[in-house]
Amino acid sequence: MANIDTIITGIRLANPLMLASGILDENGYTMKKILEAGASAVVTKSIGRVERTGYRPPIIAEIPGGLLNAVGLANPGIDNFDHEVEIALQAGKPIIGSIFGGTPDDFLYVGKKMEQYGASALELNLSCPHVLGVGSEVGSDPELVEEIIGELKKKIKIPLWAKLSPNVTDILKIAEAAQKADAFVLINTVRGMAIDIYARRPVLSNAYGGLSGRAIKNVGIRYVYQIRKETGKPIIGVGGIETHEDAIEYIMAGATALEIGTGVYSRGKGIFSEINKGLSSFMESEGFSSINDMVGVAVQ
Amino acid sequence: MANIDTIITGIRLANPLMLASGILDENGYTMKKILEAGASAVVTKSIGRVERTGYRPPIIAEIPGGLLNAVGLANPGIDNFDHEVEIALQAGKPIIGSIFGGTPDDFLYVGKKMEQYGASALELNLSCPHVLGVGSEVGSDPELVEEIIGELKKKIKIPLWAKLSPNVTDILKIAEAAQKADAFVLINTVRGMAIDIYARRPVLSNAYGGLSGRAIKNVGIRYVYQIRKETGKPIIGVGGIETHEDAIEYIMAGATALEIGTGVYSRGKGIFSEINKGLSSFMESEGFSSINDMVGVAVQ
Amino acid sequence: MIHSIIERVDMETPTTVSILFPWDQDVLPGQFVMLWIPGVGEIPISLSHTGRIKGITVKKFGPTSTAITELKAGDRIFFRGPYGNTFRKTEGKTLIVGGGSGMAGLLPLITQESHGVVSARTKEELLFADRFSQEKLTIVTDDGSMGTKGFAVEGLKTLDLDEFSLMYICGPELMLKSILDYIADKEIDADFSLERHMKCGIGVCDSCSMDGLQLCTQGPVFPKSALLKSDEFGKERISISGKRVRL
Amino acid sequence: MIHSIIERVDMETPTTVSILFPWDQDVLPGQFVMLWIPGVGEIPISLSHTGRIKGITVKKFGPTSTAITELKAGDRIFFRGPYGNTFRKTEGKTLIVGGGSGMAGLLPLITQESHGVVSARTKEELLFADRFSQEKLTIVTDDGSMGTKGFAVEGLKTLDLDEFSLMYICGPELMLKSILDYIADKEIDADFSLERHMKCGIGVCDSCSMDGLQLCTQGPVFPKSALLKSDEFGKERISISGKRVRL
Ligand SMILES: Cc1cc2nc3c(=O)[nH]c(=O)nc-3n(C[C@H](O)[C@H](O)[C@H](O)COP(=O)(O)OP(=O)(O)OC[C@H]3O[C@@H](n4cnc5c(N)ncnc54)[C@H](O)[C@@H]3O)c2cc1C
Ligand SMILES: Cc1cc2nc3c(=O)[nH]c(=O)nc-3n(C[C@H](O)[C@H](O)[C@H](O)COP(=O)(O)OP(=O)(O)OC[C@H]3O[C@@H](n4cnc5c(N)ncnc54)[C@H](O)[C@@H]3O)c2cc1C
Ligand SMILES: Cc1cc2nc3c(=O)[nH]c(=O)nc-3n(C[C@H](O)[C@H](O)[C@H](O)COP(=O)(O)O)c2cc1C
Ligand SMILES: Cc1cc2nc3c(=O)[nH]c(=O)nc-3n(C[C@H](O)[C@H](O)[C@H](O)COP(=O)(O)O)c2cc1C
Ligand code: FES
Ligand code: FES
């Protein structure tokens, strides 16, 4: 077996595959189960300062090539999340705390708690609505992004991962604003929507949603490649990973670690161990002795 | 048979399905063939002021759910395009001239000629590189978009369709800048990329490309819906239309007419007549007496 | 979404209707659909009729279930599925224990040989009691308006469980828990069909999970043996927001 | 992209090599692949070997074809396909007419019964002439260094075409045109395999089109009858940029 461990922002992962935020990571027992199934770490559901019930169902639609979702940032609020992290930590693997907010203060409050609960890193979900800006997201406002990360960097000791949205004109500008982050996570969902032509209305209760799964793989590859090429920063790749070939494509585009969300739905929880097996035999037959050897080899 | 004709910016189309720009519309004989196969109009390949050979092959990659392309705006230059339009016009159906440029002056030069050649409308491809701005596209610069359309509006008599890119933070801003256009065409390709893991490099010679086909359908639906809801303007929907259900989804989201590109590859030239048949029987069984009855019914 | 046109609507109790509709799909007892009322909501509903014509049986509760009970023959219904697993099969006699609308998902399991324990809040709400022959029926009501007074488990206590090879149970989780506790040390085996919040139905949102398993994809049916080892069954669940709450 | 490891490379002429590689795929004579040399380019190449082991035969020309001729056994090749249609089958004797590298795609059609007209610029460039039996071979060279001097059509003139039930022809379009003109009024039927610029290979880019048909998906093989009605065959084509040019 080739050696498939990897180190991202100082965190050693037994393999590159983590569970992505928002998929089966609300209940501590589920996270534990996924870690036992082969994920090297889990990223929690994005947690905010206060409890939110999110949108009414339908919050998800199955579409060819993936999923559309508009969960609406449902979460128990950080103060109610300690026990879930505690249960998940029983698996003895890193837990990454995904957090969101509308202001630097929100991020700081939630991030501090996550750190106390034992998270190995914070993943900043910058895709929630901007409280001041109307209609836009935090992650499309470079100044706000810079402020949030600057603030956290001063007061949080664990590594900061900035998760960027592909729904921007110039992702490089946002990456620059987020340059104090220790790594980038690319990508969040792509804006999308589905209409039921017999019901004559949008399927999701929120109408608009985010596209994930195979349909967005080539979008994710694009941004990982571009950000790797332009910034050289460590990257966690996510978006449509379903096979070991997908995983390798992300790694060669520049990702040091990966996350899987929709793949758990399309392939089941066995996806982690399956991809790891494929990864290892690919590396053996292609002469790569470590994940690091493959990172970014396709970048020109 | 239900009545499936539609009128977009004063142009009467026998059915809603046009051929999209860039697919089988470089040679006049091919355009004629596609019109004979059931398309109600063709949009030409995007034509610029001067001849360009475009990128070296590979310019296209087949991916699950669609295509990735980076043709590089290959085109014969407007002065060499008269004969192709002339041949295509023999089919007796509208020809829409797609044009691109880096400056208002480019657009005006090419647009004037297209009008002279007999085009029924101009489709402005705003996705080519901005000559002054570095790295960005014309279509992501609201001021430039406004200037181009203002200029054309003064000097061109045929309707102007502004084709917008989904690769922007706020498409509404661009739509507002383009408000003098008679209609919007939504959407152009989504930024993407593919890497061959055995060759260890990007497949396309240009590395970056544009994603089309089924993978982007839900992205297109989203923007058609949003722009219809926010502006109420006539819209031509394009992106991943392969079945009559897809076509209806776009119409209910707010499109008055449609374009098909990648579907011609995945389903063959028979796609136009197949979808028209499906459209007509759907309308009959669901009690719609015209396309117009369906336009935007899902918009809330 | 899948859609179908309603063929028939039957009133089963003052608050519960059965809706029958054609759907050309193989489904198994225990499986459910996510039923969508456009503009209102989407909820999980068991298939109470699994033959050529499919059917659901729904009790009026919040906005979505209420909207479902207001549907009429000729209306269109929208749903996705079938989702979930099914019950184990057995050769011997079965004991069917349903609480309230929980009887809906058990209906396809009723045979000539089955004994039923049908429980409800009150007499009027007893669901599908008439599907069992008189001598194979035990009725339990919370208010004692008919049959034994109390919860379903009280009905069980009147029976000799050794007669049955397998028990099928569906109802509120606390009812299931009291039954599990009662049969924990007994010989009889049982399949429990659970109900928890379900937002997605496809194993993604984690809202229905118990012990790291998703009720929507790995359930909703679990054998007695699995529940005996459970950390969360009958104790805690995750609320709509994701907050851990006591049952 | 599909990839394979080259098993063998054969030098066929001083400028032409055959490359053999395993590929578990059914392919038909006339079909082609888009062959990719990473970092250099991608070009259409006919399958010259269509059995269990597949093969291509490539003439050194521009950068991409030159890079192909420099490949060695053990190297990896990348391609996509198979694309395109195939030749008609026939019971009777066939006449095979190839010009230059055009013989590559005709190789799978050669049988004991076939008569060959092999043409090239000069003697050294004659491709696959040795695959025909001596008495069933007509050689033509532009420079007269071997066989008849002139273009392929000159070779045809030395034969009694009535002997053959079907002719298979591949080579530069002007060669095909001169042959079509020669046989236009004759009894003999023929399948022509055409070569035009191909950028995509999948019927999207329009660079290979003729009369509204795409050579890559609806060709590259066309029957005599189709070409006789053609507006563009042998006259005009679209250049890499999309400009209409005379052939
Ligand atoms: C597997 C399974 C099978 C079932 N089978 C049956 C059956 O056959 N018959 C039957 O009668 N019942 C059945 N049920 C129970 C049924 O699903 C519930 O009774 C139903 O969900 C309650 O509907 P309601 O009208 O109260 O829904 P609503 O009040 O309309 O709410 C629907 C759901 O939306 C969510 N929600 C509500 N408000 C919000 C908000 N503000 N933000 C975010 N989310 C929100 C909640 O998850 C809620 O459950 C089944 C349940 C499960 C799990
Ligand atoms: C169906 C078919 C089958 C064929 N089979 C064979 C065969 O079996 N054997 C054989 O030897 N030949 C075959 N050919 C011919 C072969 O494809 C050409 O000889 C080949 O394309 C020339 O290669 P090259 O090395 O000159 O390519 P290059 O010069 O590397 O160029 C490759 C292609 O890239 C494009 N291109 C080049 N420069 C640019 C630019 N600046 N911008 C945009 N595009 C550019 C052109 O389309 C050019 O054809 C076949 C052709 C076809 C159509
Ligand atoms: C149902 C669902 C919920 C999600 N919730 C979150 C979330 O809370 N926070 C976040 O950063 N990303 C969220 N995502 C995005 C994923 O983490 C991931 O970026 C995206 O789905 C692309 O990866 P995939 O194709 O592997 O799913 C969610 C995705 C899905 C499908
Ligand atoms: C090979 C190819 C070339 C294209 N060239 C152009 C072009 O020249 N101008 C343009 O406006 N759009 C171009 N497009 C975009 C299409 O017109 C269309 O917007 C997009 O492909 C989405 O539609 P589809 O999914 O039906 O293909 C091209 C698309 C493809 C696949
Ligand atoms: S309902 Fe979402 S995981 Fe079960
Ligand atoms: S090569 Fe592109 S259409 Fe034939």
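Conventions we followed
Residues numbered from 1 in each chain as written. Chains lettered and ligands numbered in written order. Predicted model: local features only at pLDDT ≥ 70, side-chain atom pairs only at ≥ 80, totals over all residues. Heavy atoms only, no water. Contact = heavy atoms within 4.5 Å. Buried area = accessible area lost by both parts, 1.4 Å probe. Salt bridge = Lys/Arg side-chain N within 4 Å of Asp/Glu carboxyl O. Polar contact = N/O pair within 3.5 Å; in protein donor to acceptor, adjacent residues only side chain to side chain. Helix = DSSP H or I, 4+ residues; strand = E, 2+ residues; numbered from the N terminus. Nonpolar A, V, L, I, M, F, W, Y, C, P; charged D, E, K, R; others polar. Near = heavy atom within 4 Å. Areas by Shrake-Rupley, 256 points an atom, 1.4 Å probe, with all protein chains shown as cover. 1 Å grid on protein atoms, 1.4 Å probe; cavity = no way out; pocket = protein on both sides within 12 Å on 5 of 7 lines; lining within 4 Å. Points joined across faces, edges and corners; volume = space filled by probe spheres on them.

Caption draft 1: Structural view of the interface of chain A and chain B. Counting residues at the interface gives 43 residues for chain A and 43 residues for chain B. Counting the surface lost from both chain A and chain B, the interface buries some 4100 Å², and carbon and sulfur atoms represent 58% of this. Its largest share of buried area at the contact with chain B, chain A owes to Arg 191, Arg 200 and Arg 222 of chain A, together 18% of the area lost on that side. Applying the counting criterion to the chain A and chain B interface returns two salt bridges. Our count for the contact surface shared by chain A and chain B stands at 13 residue pairs in polar contact (both at pLDDT 80 or more). For the side of chain A that touches chain B, the secondary-structure elements that each account for two or more residues are β11 (190-193), β13 (201-202), β14 (208-212), α6 (217-231), α7 (244-253) and α9 (271-286) of chain A. If one sorts the elements of the side of chain A that touches chain B by residue count, α6 of chain A sits on top with eight residues. Among the residues forming the side of chain A that touches chain B, the class breakdown is 26 nonpolar, eight polar and nine charged.

Caption draft 2: Spotlight on the site of ligand 2. Close to ligand 2 lie 24 residues; Arg 56 of chain B together with Pro 44, Thr 57, Thr 64 and Ser 65 of chain D are nearest. Each of chains B and D places residues near ligand 2. Here a nitrogen atom of ligand 2 sits 3.1 Å away from a polar atom, N or O, in the main chain of Gly 54 of chain B. Contact between ligand 2 and Thr 64 of chain D: an oxygen atom at 2.3 Å from a side-chain N or O atom of the residue. In isolation ligand 2 exposes 950 Å². Once the protein is present, 85% of that is buried. Taken together, the elements giving at least two residues each to the shell around ligand 2 come down to β5 (41-50), β6 (53-59) and α1 (63-69) of chain D. Top contributing element to the shell around ligand 2 by residue count: β5 of chain D, with four residues.

Caption draft 3: The arrangement of empty space enclosed by the protein in detail. Counted according to the given criterion, the structure contains three cavities of 30 Å³ or more. Estimated volume of the largest cavity: approximately 90 Å³. Contributing elements (two or more residues each) for the lining of the largest cavity: β11 and α6 of chain A together with β11 (190-193) and α6 (217-231) of chain B. In terms of residue class, the lining of the largest cavity is built from nine nonpolar, two polar and two charged. The volume enclosed by the second largest cavity comes to roughly 60 Å³. As for the second largest cavity, its lining consists of Gly 22, Glu 26, Lys 45, Ile 59, Val 71 and Ala 74 of chain A together with Lys 199, Cys 205 and Ser 207 of chain C. Partitioned by chemical class, the residues of the lining of the second largest cavity number four nonpolar, two polar and three charged.

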